[in-house]
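A look at the structure
Each chain, written out:
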Amino acid sequence: MKKPTNWDLYFRKQLGDPETRELIEGEIESLRVGAQIARLRQQRRLSQAQLAARAGMSAPNISRIENSPAQNMTLETLVKIARALGRGVDVTFPARRSS
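Here's the deal with the overall build of the protein chain
The helix and strand inventory of the protein chain stands at five helices and zero strands. Seen in sequence order, the protein chain has helices and strands lined up from the N terminus as α-α-α-α-α. For the protein chain, the proportion of its 99 residues judged to be buried stands at 18%. A fraction of 49% describes how many contacts in the protein chain between residues 6 or more apart in sequence connect residues 24 or more apart.

Digging into helix α4 (residues 59-67)
Within α4, burial applies to Ile62, Ile65 and Glu66. Down the axis of α4, the buried side of the element spans an arc of 95°, and every buried residue falls inside it.

Things to note about the packing of aromatic side chains
Considering all chains together, one arrives at two aromatic pairs under this definition. What links up through ring pairs into an aromatic cluster is the set Trp7, Tyr10 and Phe11.

A few points about the nonpolar core
Ile37, Leu40, Leu46, Leu51, Ala52, Ala55, Met57, Ile62, Ile65, Ile81, Ala84 and Leu85 form the largest nonpolar core, which has 12 residues in total. For this core, the secondary-structure elements that each account for two or more residues are α2 (18-43), α3 (48-55), α4 and α5 (75-84). Per element, the largest residue contribution to this core is three residues, and it comes from α3.

Considering the packing of α3 against α4
Contact geometry of α3 with α4 gives a least axis separation of 8 Å together with a crossing angle of 110°. It follows from the interaxial angle that α3 and α4 lie roughly perpendicular. Contacts from Gln48, Ala49, Leu51 and Ala52 in α3 reach Ala59, Ile62, Ser63, Glu66 and Asn67 in α4. Across the contact of α3 with α4, the residue classes break down as five nonpolar, three polar and one charged.

Focus on the pattern of salt bridges
Scanning the entire structure with this criterion turns up one salt bridge. Arginine 41 is the salt-bridge partner of glutamate 66, the closest N and O atoms lying 2.7 Å from each other. Here glutamate 66 is found in helix α4, whereas its partner arginine 41 is found in helix α2, with 25 residues between them in sequence.

Conventions we followed
- Residues numbered from 1 in each chain as written.
- Predicted model: local features only at pLDDT ≥ 70, side-chain atom pairs only at ≥ 80, totals over all residues.
- Heavy atoms only, no water.
- Helix = DSSP H or I, 4+ residues; strand = E, 2+ residues; numbered from the N terminus.
- Buried < 20%, exposed > 50% of the residue type's maximum accessible area, 1.4 Å probe, protein only.
- Contact = heavy atoms within 4.5 Å.
- Arc of directions from axis to C-beta.
- Phe/Tyr/Trp six-rings, centres within 6.5 Å; stacked < 30°, edge-to-face > 60°.
- Core = buried A, V, L, I, M, F, W, Y, C linked by side-chain atoms within 4.5 Å.
- Axes fitted to C-alpha atoms, helices over the stretch in contact; angles between N-to-C directions.
- Parallel < 35°, antiparallel > 145°, perpendicular 65-115°, else oblique.
- Nonpolar A, V, L, I, M, F, W, Y, C, P; charged D, E, K, R; others polar.
- Salt bridge = Lys/Arg side-chain N within 4 Å of Asp/Glu carboxyl O.

Spelled out as structure tokens, the structure:
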């Protein structure tokens, strides 16, 4: 196993703070949603413009959702995109890890 870098040590220390951990986990979760949308779009061989047209949105909005981890998105927008991809939306509330 390789020796941890200064970044690794700093990151672990930051994760020890519950507020910082919650912020990081929220950003990672946002990124996952965008990545899932991009992956489904690519599997269906759709461009961002094509997906946007199907969802009644603009291509720049699709790009922001796919690429920006801090992108706030309404449930209505998520449903529009899911329907345009032939999918549904499943909202879950998993148990949080204790710090």
